Amino acid sequence: MMVEYKEMVEDGSVASTPKRSASGSNMSTPVRMREPSAAASVTSTPARRYGDVSVSTSRSATPKRRTRSTLDGRGMRDDPPPIVGILGCGEFGLALSRKLLKSGYQVVLGTRDHEAMKNLVPLGVTLTTRYEAVLQAEVVFLAVRRDHYDQLGFLTDAMSGKILVDVSITSRFNDGLRSNAEYLQWRLFPSCRVVKGFNVIPAAALDAELMDGPKQIYLCGDDHHAKATVTHIVYDLGFIPVDLGALKSAGHIETIPARFLPYWGLPVSVGIWLFIVMFLYVMIQDIIRPSVSDGSNELSRLPLFLVNRVLAFVAGTLLSAAFFPDIFIRLVRIFKGYGYRDFPVWLGEWRKARRHICLVGVIVGAVHAIMSLTILGPTYYPELYEKTSNRGIPALGKMVWCGEAFVSMGAVCLSALLILGIANMPSGKEKLNWRETTFLWSNLGTVALFTATFHVVFLGIQVYPNGSLYSLFTLPVSLISLFPLAAVVLLKCVTLIPYLQKHVISIRDMMQGRKRLDEGDEFVECVVVNL
């Protein structure tokens with residue numbers, strides 16, 4: 001096994017010393033760091049990163065660790081894990097102490113009331129005062145509410161050089177700063193290194209043996225070595241770290257637990273408003289109008305048949321709205337050039353929500369399909385069946401061809417929508433790469449659009465010629481639902497013209513600095529330098 005040791009000298013150069021172990025297998029490269037000379041500046045200077053290791057010329061910095069980087073990027077420590085201190089004996093602090101203890105960490109728990117907490121602390125965790133816990137620990141987790149921060153001012157000296165992990169969520173106290181973590185770093189403990197994280201994990205997820213709940217932990221901080229240390233802890237606890245960059249991202253992380261369905265608000269709101277508007281329209285057309293004109297009472301058909309027609313309209317409109325932004329942007333780029341970016345903000349927000357709009361449409365479409373199967377028959381859809389006679393008595397026979405096409409198009413559309421819905425779910429997107437996701441969204445979405453449109457058209461072949469449906473200047477609900485579907489399908493057909501597709505590909509390749517060889521799929525990459 002070949003191991004290459006790298007020694008970092010003061011001027012930034014790296015000295016490599018290859019060594020071979022007893023086994024002949026390959027191994028990742030450890031890094032050996034040498035402390036800066038005594039001539040280094042006493043004041044703290046910004047850290048410089050060399051690979052996965054940050055080097056600071058500050059005397060107050062923590063001792064450099066000998067680390068070994070692995071292929072998965074996690075890193076392996078040759079020395080024991082750091083001592084972890086926790087300030088706060090609430091539900092989260094106790095759950096975190098138990099999880100750290102199971103993962104092999106030495107845990108020191110700091111509290112104000114030693115006697116009240118001694119029976120609640122897990123066996124193996126050291127219970128002491130808050131000041132002593134900070135002195136003993138290398139990494140300190142602050143698990144207290146934001147309104148108690150001002151009571152921690154006496155820990156300023158003890159926090160010097162420590163790694164402080166802020167696990168708080170957003171609160172109404174901001175003091176002119178964006179986040180609680182920035183308040184700790186720049187106001188309360190300026191001499192420590194603050195890392196934001198662990199606030200999206202509830203206490204129940206820390207106690208769950210089967211890892212119920214979220215598995216990703218978002219981290220951010222200005223000190224790379226501090227983030228690397230916390231990243232090791234996250235991996236040791238069995239979670240997945242996600243680095244969001246500098247400490248200024250803490251405001252975004254703090255608001256994550258407080259959000260309620262952040263990406264579903266617009267699609268659900270649009271679906272509800274579409275349902276309300278069309279439900280009122282159906283009430284006027286199919287209940288109030290017959291009652292006024294001939295005195296018939298159609299109120300008994302409202303819970304199932306009429307509501308099902310409203311759901312069909314909502315599902316078709318949401319499906320059209322999910323695919324319209326991409327088609328519209330593609331058309332604009334065809335005629336204005338692929339590099340055209342001057343789109344309004346609302347179109348960008350619409351495009352971000354298109355997958356969730358599609359999922360809401362899938363749910364509404366599935367409910368519509370179930371309700372349609374319960375009432376699909378000559379009683380509710382007599383226009384889809386042949387008119388025959390049995391011994392001189394008029395009767396309805398088999399389905400006509402447009403009735404069978406109507407049902408088959410609906411089945412294909414529902415199948416395509418269900419596959420799209422599964423692929424767009426978070427668990428489904430993690431299993432697909434970019435090319436697979438694009439294929440499903442583009443090709444399977446096109447199939448869903450066309451089949452949904454023909455599903456409505458085949459129904460209308462037998463329904464729309466009925467002149468009684470257009471009294472009082474009203475249109476059938478199915479005809480209204482056809483308008484957005486047909487508009488999006490026509491725009492999609494324009495983008496499928498071979499000449500336009502070739503034009504888009506040539507512009508895109510030119511923008512990306514590529515040249516196509518003949519008519520094959522091979523490319524020659526060109527380096528584009530912006531002077």
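Here the residue numbers are simple positions, counted from 1 along each chain's written sequence. Per-residue local features of the predicted model are confined to residues with pLDDT of at least 70, and side-chain atom pairs are confined, for both listing and counting, to 80 or more; whole-chain, interface and lining totals are unaffected and use all residues. Excluding hydrogens and water, the side-chain figures rest on all heavy atoms present in the structure.

**Student:** Now, about the pairing of strand β8 (residues 84-87): what can you tell me, with residues and values included?
**Tutor:** Both faces of β8 are covered, namely the face carrying Val84 and Ile86 and the face carrying Gly85 and Leu87. For β8 and strand β9 (residues 107-110), the ladder comprises four bridges, and the chain directions are parallel. Paired with Ile86 across the strands is Leu109, a residue of β9. For β8 and strand β11 (residues 139-142), the ladder comprises four bridges, and the chain directions are parallel. Note on β11: the bridge partner recorded for Ile86 is Phe141. Think of it in three bands: residues with accessible area under 20% of the maximum for their type are buried, residues over 50% are exposed, and the middle band is partly exposed, with areas taken using a 1.4 Å probe on protein chains only. We count a stretch as a helix when DSSP gives it H or I for four or more residues in a row; a strand needs E for two or more, and each element gets its number in order from the N terminus. Here, strands pair whenever DSSP counts at least two bridges between them.

**Student:** Help me get a handle on the packing of helix α10 (residues 345-352) against helix α11 (residues 354-375), residues and values and all.
**Tutor:** Describing two packed helices takes the angle between their axes plus the distance from one axis to the other. Following both chains from N to C, one finds α10 and α11 inclined at 50°, their axes separated by 4 Å at the closest point. For the element pair α10 / α11, the angle class is oblique. In this structure, α10 uses Trp350, Arg351 and Lys352 to contact α11, whose residues at the interface are Arg354, His356 and Ile357. Tallied by class, the residues present in the contact of α10 with α11 amount to two nonpolar, one polar and three charged. Between N-to-C directions, angles cover 0 to 180 degrees, with each direction set by a line fitted to C-alpha atoms, over the stretch in contact for helices. Here the angle decides the label: under 35 degrees means roughly parallel, over 145 means roughly antiparallel, 65 to 115 means roughly perpendicular, and every other value means oblique. Any pair of residues with heavy atoms lying within 4.5 Å of one another is described as a contacting pair. As a working rule, the residues Ala, Val, Leu, Ile, Met, Phe, Trp, Tyr, Cys and Pro are called nonpolar, Asp, Glu, Lys and Arg charged, and the rest polar, with Gly in that last group.

**Student:** Lay out the pattern of salt bridges with the relevant residues and their values.
**Tutor:** Whenever Lys or Arg places a side-chain nitrogen within 4 Å of a carboxyl oxygen from Asp or Glu, that contact is recorded as a salt bridge. Considering all chains together, one arrives at nine salt bridges under this definition. The salt bridge involving Asp147 is made with Arg145; its shortest N-O contact spans 3.7 Å. Under the relative-accessibility criterion, Asp147 is labelled partly exposed at 38%. Here Asp286 and Arg309 are joined by a salt bridge, their closest N and O atoms 3.4 Å apart. One end of the pair, Asp286, is in helix α8 (residues 265-293); the other, Arg309, is in helix α9 (residues 302-336), and 23 residues separate them in sequence. Where salt bridges share partners, they join Asp166, Lys196 and Glu254 into one cluster.

**Student:** Talk me through the packing of α9 against helix α15 (residues 477-495); I want residue IDs and the actual numbers.
**Tutor:** In contact at an axis separation of 9 Å, α9 and α15 are set at 20° when each is read in the N-to-C sense. In terms of orientation, α9 and α15 fall into the roughly parallel class. The chirality of how α9 crosses α15 is left-handed. For the pair α9 and α15, contact is made by Arg309, Phe313, Gly316, Thr317, Leu319, Ser320, Phe323, Phe324, Ile327, Arg330 and Leu331 and by Val477, Ile480, Ser481, Pro484, Leu485, Val488, Leu491, Lys492, Val494 and Thr495, respectively. Handedness of a helix crossing follows the sense of rotation of the near helix relative to the far helix, less than a right angle counterclockwise being left-handed and clockwise being right-handed.

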